[in-house]
Amino acid sequence: VLRCLGIPTRVITNFNSAHDKNLNLSIDKYIDMSGNTLHLSEDSVWNFHVWNESWFIRRDLGTFYDGWQVLDATPQEKSKGIYQCGPASTRAIKEGDVNLDYDSPFVFAAVNADCITWIRYSKKRKERIYSDTRKIGKFISTKAVGTNARVDVTASYKYPEVKEISFKISYSQYKKSLMDDRKILVTAV
């Protein structure tokens, strides 16, 4: 319909798509002390989810958010009392502006939620034991114009994942680095 109105529109597929029911921007899994899954969260991860993007000028949000906007024709959750999703700015999603209207937190979580596993010791006590920050939002794609080739648009939704570099230093090196930092602070004052 939007294309018929002359509005540029394309289909987007998000692989490992998070479905964050409680909008806490994470997909939570709970286990007991024996490792058995507790069904305390309605969050889930879908193999993929598909939505549309359309190109809009956003006078309501400001020109920073002009461009591609997420519109989901098959929303699974109510937004403001009805089943709807969007238009959420892809720029807002990428920048983490989850306080904007139009389902930005839901779309942000779909492409960038952390998957967290918790041990639940009691109703009042839980402990995070695992967190995967890279699982969600893979190969976000659209179809190329004029061919059946896939175009990766992941960079429109999120910044590249930062690679963790682990290294060890001795305590004496660590202590020396603190002293060096203190010298820099003193010099700066």
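Up top you'll find the structure we're talking about.
What comes next is a walk through the structure. (Residues numbered from 1 in each chain as written. Predicted model: local features only at pLDDT ≥ 70, side-chain atom pairs only at ≥ 80, totals over all residues. Heavy atoms only, no water.)

### Examining the sheet that holds strand 2 (residues 26-31)
Piece 1. The strand order 3-2-9-10 describes an open sheet built from four strands, whose pairing is mixed. For this open sheet the edge positions go to strand 3 (37-38) and strand 10 (126-132), each flanked by a neighbour on one side alone.
Piece 2. Relative to strand 3, strand 2 runs antiparallel, the two sharing two bridges. Of the residues in strand 3, the one forming a bridge with Y30 is L38. (Pairing = 2+ DSSP bridges. Helix = DSSP H or I, 4+ residues; strand = E, 2+ residues; numbered from the N terminus.)

### Structural notes on the pairing of strand 11 (residues 138-143)
Where a strand is regular, its side chains alternate between the two sheet faces.
Piece 1. Examined bridge by bridge, strand 1 (residues 9-19) and strand 11 share two bridges and lie antiparallel to one another. Considered in strand 11, the bridge of T13 is made with S141.
Piece 2. Count of turn residues in the strand 11/strand 12 (residues 150-152) antiparallel hairpin: six residues, of which G146 carries a positive phi of about 80°.

### Some thoughts on the sheet that holds strand 4 (residues 44-56)
Piece 1. Across the sheet, which stays open at both edges, the six strands sit in the order 8-5-4-1-11-12 with antiparallel pairing between neighbours. The sheet is open, and its two edges are formed by strand 8 (88-89) and strand 12, each paired on a single side.
Piece 2. Looking at chain direction, strand 5 (residues 67-71) and strand 8 are connected through two bridges and run antiparallel. Paired with V70 across the two strands is A88, which belongs to strand 8.
Piece 3. Helix 2 (residues 104-112) contacts strand 1, strand 4, strand 5, strand 8 and strand 11 of the sheet and is inclined by roughly 70° relative to strand 1. (Contact = heavy atoms within 4.5 Å. Axes fitted to C-alpha atoms, helices over the stretch in contact; angles between N-to-C directions.)

### Comments concerning the nonpolar core
Piece 1. Core analysis: the biggest nonpolar cluster contains 14 residues, and W51, I93 and Y157 have the highest contact counts within it.
Piece 2. Examining the composition of this core, we find that five residues originate from one element, helix 2, more than from any other.
Piece 3. Residues contacting Y157, with those up to four places away along its chain left out, are I12, W51, E53, V70, T90, I93, K94, V111 and I140.
Piece 4. A18, I27, A113 and C115 belong to the second-largest nonpolar core, a separate cluster that totals six residues. (Core = buried A, V, L, I, M, F, W, Y, C linked by side-chain atoms within 4.5 Å. Buried < 20%, exposed > 50% of the residue type's maximum accessible area, 1.4 Å probe, protein only.)

### Examining the side chain of S17
Piece 1. Examined against the element boundaries, S17 turns out to sit in strand 1.
Piece 2. Within the local environment of S17, its side chain forms a polar contact with the side chain of N14, the two groups lying 3.0 Å apart.
Piece 3. Residues contacting S17, with those up to four places away along its chain left out, are S44, V45, W46, N47, F48, H49, W51 and A110. (Polar contact = N/O pair within 3.5 Å; in protein donor to acceptor, adjacent residues only side chain to side chain.)

The values reported here are purely geometric and, on their own, carry no functional implication.
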